[in-house]
Amino acid sequence: MDIRSHIIYSGFDSNRCLVHARCCAAPGRLIATAQYLDISGCDLFSGIYMSTSQDNGITWTSFLPQEGLAPITSDNTILVGCDATPLYHKNTGNVLLLGHTAHYFDGASSPSGKDRRTFYSVLDATSGSFSKMKFIDIPGYCGEFGCGNGCGQSIELRNGELLIPGYFKTGDGQYAS
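Now for a description of the structure that goes with this document.

What follows deals with empty space enclosed by the protein. A complete count under the given rule lists 2 cavities of 30 Å³ or more for this structure. In this model, the second largest cavity occupies a volume close to 30 Å³. Contributing to the lining of the second largest cavity are His20, Thr33, Ala34, Gln35, Ile48 and Ala84. Here the residues of the lining of the second largest cavity are counted per class, giving 3 nonpolar, 3 polar and no charged.

Here it is in structure tokens:
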């Protein structure tokens, strides 16, 4: 096995850095996603960005913001998708992105920890952009503190079904998967 390190993006501007970089292989290309971390607080994330390679990772496009994965602002709340992992779904030929959300209330410098939700997005082959986040809720388990899939590695079964790992807080305050 030959393992080599290859930097596709570098840069820290004293205010933010690119984090949560993850990649998947789809026919004819590699897809990497990442997002910026604002170091002025704790876990202050931007929306999700994407870069692609069509030569097996030798060269990459610039990381471009994904409009469908931009932070969502409503009243005094900001919802941001984070900890996302791309997955090529062979059965449909689609690239999916699965992660969870962070919620910031009243200009807080760290996420609230409440209302975490598992999300997914689908890469549109025509536009080359990810769709708006859609949510996966598990009835009876996604209460006040919600459900997470952050950094999850999903598995596609032979029949095309996905096993998507997740965690949630139970009624007695314990976490379960």
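What follows picks up the thread again.
Attention shifts here to the sheet that holds strand β2 (residues 29-38). Spatial ordering of the open sheet is given by β1-β2-β3-β4, a layout of 4 strands whose pairing is antiparallel. Either end of the sheet is taken by a strand with one partner, and the two such strands are β1 (16-26) and β4 (64-65).

This next bit is on the packing of aromatic side chains. Tallied over the full model, the rule gives 2 aromatic pairs. The interplanar angle of 85 degrees and the centroid separation of 6.2 Å between the aromatic rings of Tyr9 and Phe63 together place this pair among those described as edge-to-face. Pair noted here: Tyr9 is in the segment before β1 and Phe63 is in the loop between β3 (44-53) and β4, with a separation of 54 residues, a long-range link. For Tyr9, a relative accessible area of 39% puts it in the partly exposed group. Aromatic side chains Tyr36 and Tyr49 sit 5.1 Å apart centroid to centroid with 85 degrees between the ring planes, which places their arrangement in the edge-to-face category. One end of the pair, Tyr36, is in strand β2; the other, Tyr49, is in strand β3, and 13 residues separate them in sequence. According to the relative accessible area criterion, Tyr36 is buried, its value standing at 10%.

Parameters at a glance
- Residues numbered from 1 in each chain as written.
- Predicted model: local features only at pLDDT ≥ 70, side-chain atom pairs only at ≥ 80, totals over all residues.
- Heavy atoms only, no water.
- 1 Å grid on protein atoms, 1.4 Å probe; cavity = no way out; pocket = protein on both sides within 12 Å on 5 of 7 lines; lining within 4 Å.
- Points joined across faces, edges and corners; volume = space filled by probe spheres on them.
- Nonpolar A, V, L, I, M, F, W, Y, C, P; charged D, E, K, R; others polar.
- Pairing = 2+ DSSP bridges.
- Helix = DSSP H or I, 4+ residues; strand = E, 2+ residues; numbered from the N terminus.
- Phe/Tyr/Trp six-rings, centres within 6.5 Å; stacked < 30°, edge-to-face > 60°.
- Buried < 20%, exposed > 50% of the residue type's maximum accessible area, 1.4 Å probe, protein only.

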